[in-house]
Amino acid sequence: MSNGRHHDILLQGARKFGSTALFLVQLLIQCVPAFGRPRLIVYQVYNTGARSLIIIMLAGLFVGMVLALQGFNLLQRFGSEESLGSAAAIGMLKELGPVVTALLFAGRAGTALTSEIGLMRATDQLVAMEIMAVNPLRYVAAPRFIGGLIAMPLLAAIFSVIGLYGAQLVGVQFLGVDQGAFWSQMQSAVSWHDVNQGFVKSLVFGLACSLIAVNEGYHAEPTAAGVGLATTRTVVASSVLTLLLDYVLTAAFL
Amino acid sequence: MTSSEAPNPASSGSPDDAVVAVRDVHYAVDNRPIFSGANLMARRGRITAIMGPSGTGKTTLLRLITAQIQPDQGEVTVFGQNFAKLQSDEIYAVRKRMGMLFQNGALLTDMSVFENVAFPVREHTDLPESLVRTLVLTKLEAVGLRGATDLMPAELSGGMARRVALARAIVMDPEVLIYDEPFVGLDPISLGFILRLIKQMNVALGITSIVVSHDVQELSSIADDSYLLSDGKVIASGTPKELLASGNPAVRQFMTGGAEGPVRFQYPAPDYTTQLLSVEER
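Residues numbered from 1 in each chain as written. Chains lettered and ligands numbered in written order. Predicted model: local features only at pLDDT ≥ 70, side-chain atom pairs only at ≥ 80, totals over all residues.

## So, the domain arrangement of chain B
Part 1: With domains assigned, chain B is organised as domain 1 (15–97 + 174–277) and domain 2 (114–172).
Part 2: In this assembly, 10 residues from domain 1 of chain B lie in contact with nine residues from domain 2 of chain B. (Domains from an automatic or database assignment. Contact = placed C-beta atoms within 7 Å.)

## Remarks on the sheet that holds strand β10 (residues 233–238) of chain B
Residues and elements named next belong to chain B.
Part 1: Pairing is mixed in the open sheet, where six strands are placed in the order β6-β7-β8-β3-β9-β10. The outermost strands of the open sheet, each flanked by one partner alone, are β6 (98–101) and β10. Strand-to-strand twist of the sheet, defined as the mean angle between neighbouring strand axes without regard to direction, takes the value 15°.
Part 2: Judged from the four bridges that link them, strand β3 (residues 47–51) and strand β9 (residues 225–230) form a sheet pairing that is parallel. (Pairing = 2+ DSSP bridges. Helix = DSSP H or I, 4+ residues; strand = E, 2+ residues; numbered from the N terminus. Axes fitted to C-alpha atoms, helices over the stretch in contact; angles between N-to-C directions.)

## So, the pairing of β9(B)
Residues and elements named next belong to chain B.
Part 1: Of all six residues making up β9, six are buried, and the element is well covered by its neighbours.
Part 2: Here β9 runs beside β10; their pairing, made up of five bridges, is antiparallel. The partner of Leu229 across the bridge, within β10, is Val234.
Part 3: In textbook terms, the turn of a hairpin is the stretch between consecutive antiparallel strands, and for β9 and β10 this stretch comprises two residues, one of which, Asp231, has a positive phi near 50°. (Buried ≥ 20, exposed ≤ 12 C-beta atoms within 10 Å, placed from the backbone.)

## Considering the packing of helix α4 (residues 84–122) of chain A against helix α8 (residues 192–218) of chain A
To describe two helices that pack against each other, one gives the angle between their axes and the distance between the axes.
Residues and elements named next belong to chain A.
Part 1: As a packed pair, α4 and α8 sit with axes 8 Å apart at the nearest point and diverge in direction by 15°. When the interaxial angle is binned, α4 and α8 end up roughly parallel. The element α4 and its partner α8 pack so that their crossing is right-handed.
Part 2: Looking at the contact of α4 with α8 residue by residue, the class counts come to 15 nonpolar, 10 polar and six charged. (Parallel < 35°, antiparallel > 145°, perpendicular 65-115°, else oblique. Left-handed = near helix turned anticlockwise from the far one by under 90°. Nonpolar A, V, L, I, M, F, W, Y, C, P; charged D, E, K, R; others polar.)

## A short note on the pairing of strand β7 (residues 176–180) of chain B
Residue and element names in this part refer to chain B.
Part 1: With five of five residues buried, β7 lies mostly within the body of the structure.
Part 2: Side-chain alternation along β7 places Val176, Ile178 and Asp180 on one buried face and Leu177 and Tyr179 on a second face that is also buried.
Part 3: In this sheet, β7 lies alongside β6 in parallel orientation, the contact comprising four bridges. Following the sheet pairing, Met98 is matched in β7 by Val176.
Part 4: By the bridge criterion, five bridges tie β7 to strand β8 (residues 208–212) in an arrangement that is parallel. By the bridge assignment, Asp180 is partnered in β8 with Val212.
Part 5: With helix α6 (residues 188–205) bridging β7 and the parallel β8, this β-α-β connection has right-handed handedness. (Right-handed = clockwise from strand over helix to strand, strands pointing away.)

This is the structure we're talking about:
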């Protein structure tokens, strides 16, 4: 790749970062009046949160079950399979819960948000609002952004809880780890600090994923291909950014 | 009939009663000029037709008039206020006095017909629900769709969607109503209905109307003033009758629908025979 193309890609990246940051500022300004219409926000929590519940719960269950299976296999070698509870809990709360939830959120709710807003753009609905003197940033973008921000930590919490149930199911019920040891080890090993770390992560991921989804939809090219492209970009950008931020946050917490 | 050098105003009348005025507007996209010195005005209580072949920037003109974009040069004033000098909340205040009918209706797809028409009322007023209901039903009755309140936009035909959008555009009793291609794709009955409605609203409510279209026949029957756009300029203005009687070949071509004339119908292309005989190029 030539130097010129490197330069172009860098410039494009910087431009994208700048425009997204600018959009975030505009969005945050409109978030204040958006709270004047709590009904819209509640609906968006339902739309992005409640509607993602089934996939989040299913994924949580299976991730927890696999975690227990792998963890048991490893811990057994050292004769410390009782630690399975604490290992599963730490892994779930600090890493898998927030990260996998964010990835699923980007695929399930993020794409829905982008394509919905993109189609509103393509069918002149956003312009029509502008002409009716209703700011679409306040009416359309802000409630969806806030809804995603509220939904993500809740979904991550549910994911972790169901995941721990799955780990217990496999570890205790199937593989015969002592139930008392499983829960008591978990209780002694997990501190509020761990829970908070997971909470902060899910909040940051929620912000990143919702921002990307709303931004891509709002600025989608108003054609069928443009909306499709924006939806793809939402998934790719959200996923990569989630994993990148996860590393940064983990390093910051340690 | 005024010539291209002095296209403003459309007919005799003082510029003081201009509700919308576009003065010497230049606008370019990617260095491709859309407007290079366009002048026109819509006067209070009249129906102003803006006509022109496809691709002459009619939609861009509407975006300028509604302050979605700002001109590179020149000024656009609505109710005597220059958009370029207004803050965004002041622009919203001006827009509250305007209504616009979009070509595709632009109804909000997640709301019923009733909620769509009620939307501006709910957003801008604190009227009690009973009053909102009365207001919405009155406007829906005016467009003949009082029975369709519970339908969703996806269940409407194109013509019905446009009528609902019209009800929504007039629900706040705007002083100016802008129609973007209101006749495209309508059956003769809907077309006649919309045509009468535009005239009625103008006569009965005194709404200043701006109709952008290329349907010469329909427009000529209702318009008080008309402008013909071509190549980024207003090439003719006057009453529809004056335009029809124009000696300007470009105006004649457009008004009578001829393919031959100064307005090119063919998109620029290489020589026909050469292109057919060449192998490499598509």
